[in-house]
Structures are given as structure tokens and as C-alpha cells.
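Listed below are the residues making up each chain.
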Amino acid sequence: QVQLVESGGGLVQAGGSLRLSCAASGFTFSMYAMGWFRQAPGKEREFVAVISGRGGNTYYANSVKGRFTISRDNAKDTVYLQMNSLKPEDTAVYYCAADYQGMWNTYSSRVPDYDTWGQGTQVTVSS
């Protein structure tokens, strides 16, 4: 059974940090680019960050560049999102997602390219 389970969300003050985790199961983790997306109330789901299957390539949305860091541990089938210098506008439900890339160490930032999603974890940043 293919599954992604996020954890690590919560309430934090502006300027604080959180680390999100996403545990994967049921598929060959290293063959999938892993992305983080978020969705605020009344807004569309948006791209945050992505990392290629073997971890050598990363890409960030401009809004989080320099503050967030995506990483993965293929031995643990887990992807992480370290979020520093959090702002109230970072408040959203954060989702991890998997996009099959096979042997190619590439990635996509497009929501429609991802076919496996976690249930989401709430991040709330107070001002």
C-alpha cells in the first residue's frame, strides 16, 4: 500500500522554526522525486520545495528560498522540510507528495505531476 505520512506541524511564533517529516512506504522511494506543497484557506495548493530521487537536486519557491531546506534520507524512506524564520504568511496545511522519475534524477514543481499525496499537517505561524 502506497502511503505518505506527514508529521511535525504545529503552532509557532513568527521567526521560529519547525521541521516537517514525511515517511513513505509501499514504493521504491529513491525512484521518486519528493515535493512539499502547501495550501492556505481559500487559496490553491502551491509548490514549496522539491528534491530529486537521489537527493542531488533541489528547487524552491521564491517565497521560501533561503529560509526552508528540503532533504531526504533514502535509508529511512523519509523526506524533511526544515523551516526557519517562519512568517505568518507561511501558515497553511503542508503536504508531501511523490512523483515517479525512475532512474532519472530529475523533479517537477507542478501539482498535477504528483500522484501520491499525504494527508497534510497544519503549520500555523502567529505574529
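Structure first, text after, so check above.
Residues numbered from 1 in each chain as written. Predicted model: local features only at pLDDT ≥ 70, side-chain atom pairs only at ≥ 80, totals over all residues. Heavy atoms only, no water.

A look at the nonpolar core
Of all hydrophobic cores here, the largest spans 35 residues; its most connected members are Met34, Trp36, Leu81, Met83 and Tyr94. Of all the secondary-structure elements, those providing two or more residues to this core are strand S3 (18–25), strand S4 (32–39), strand S5 (46–51), strand S7 (68–73), strand S8 (78–83), strand S9 (92–100) and strand S11 (121–126). If sequence neighbours within four positions are ignored, Met83 has contacts with Gly16, Ser17, Leu18, Leu20, Arg67, Phe68, Tyr94 and Val123. (Core = buried A, V, L, I, M, F, W, Y, C linked by side-chain atoms within 4.5 Å. Buried < 20%, exposed > 50% of the residue type's maximum accessible area, 1.4 Å probe, protein only. Helix = DSSP H or I, 4+ residues; strand = E, 2+ residues; numbered from the N terminus. Contact = heavy atoms within 4.5 Å.)

Points about the state of the cysteines
Structurally, a disulfide amounts to a covalent bond that connects the sulfur atoms of two cysteines. Counted according to the given criterion, the structure contains 1 disulfide. Paired through a disulfide, Cys22 and Cys96 show a sulfur-sulfur distance of 1.9 Å. Where Cys22 bonds to Cys96 through sulfur, the torsion about that S-S bond is close to 50 degrees, and the disulfide is right-handed. Here Cys22, found in strand S3, pairs with Cys96, found in strand S9; they are 74 residues apart in sequence, far enough to count as distant. Here Cys22 matches Cys96 in class, with each residue buried. (Disulfide = S-S within 2.5 Å.)

A closer look at the pattern of salt bridges
Within this structure, the stated rule accounts for 4 salt bridges. The partner of Arg67 in a salt bridge is Asp90, and the shortest N-O contact between them spans 2.7 Å. One end of the pair, Arg67, is in the loop between strand S6 (58–60) and S7; the other, Asp90, is in the loop between S8 and S9, with 23 residues separating them in the sequence. With a relative accessible area of 11%, Arg67 lands in the buried category. The salt bridge involving Arg110 is made with Asp113; its shortest N-O contact spans 2.8 Å. Relative accessible area serves as the criterion here: at 47%, Arg110 is assigned to the partly exposed category. Bridged by salt links that share partners, the residues Arg38, Glu46, Arg67 and Asp90 form one connected network. (Salt bridge = Lys/Arg side-chain N within 4 Å of Asp/Glu carboxyl O.)

Some details on the packing of aromatic side chains
Within this structure, the stated rule accounts for 10 aromatic pairs. With 6.3 Å between their ring centres and 45 degrees between their planes, Phe27 and Phe29 make a pair best called tilted. Residue Phe27 is classed as buried on the basis of its relative accessible area of 14%. Measuring from centroid to centroid gives 5.5 Å for Phe47 and Tyr59, while their planes differ by 20 degrees, and the two rings are stacked. (Phe/Tyr/Trp six-rings, centres within 6.5 Å; stacked < 30°, edge-to-face > 60°.)

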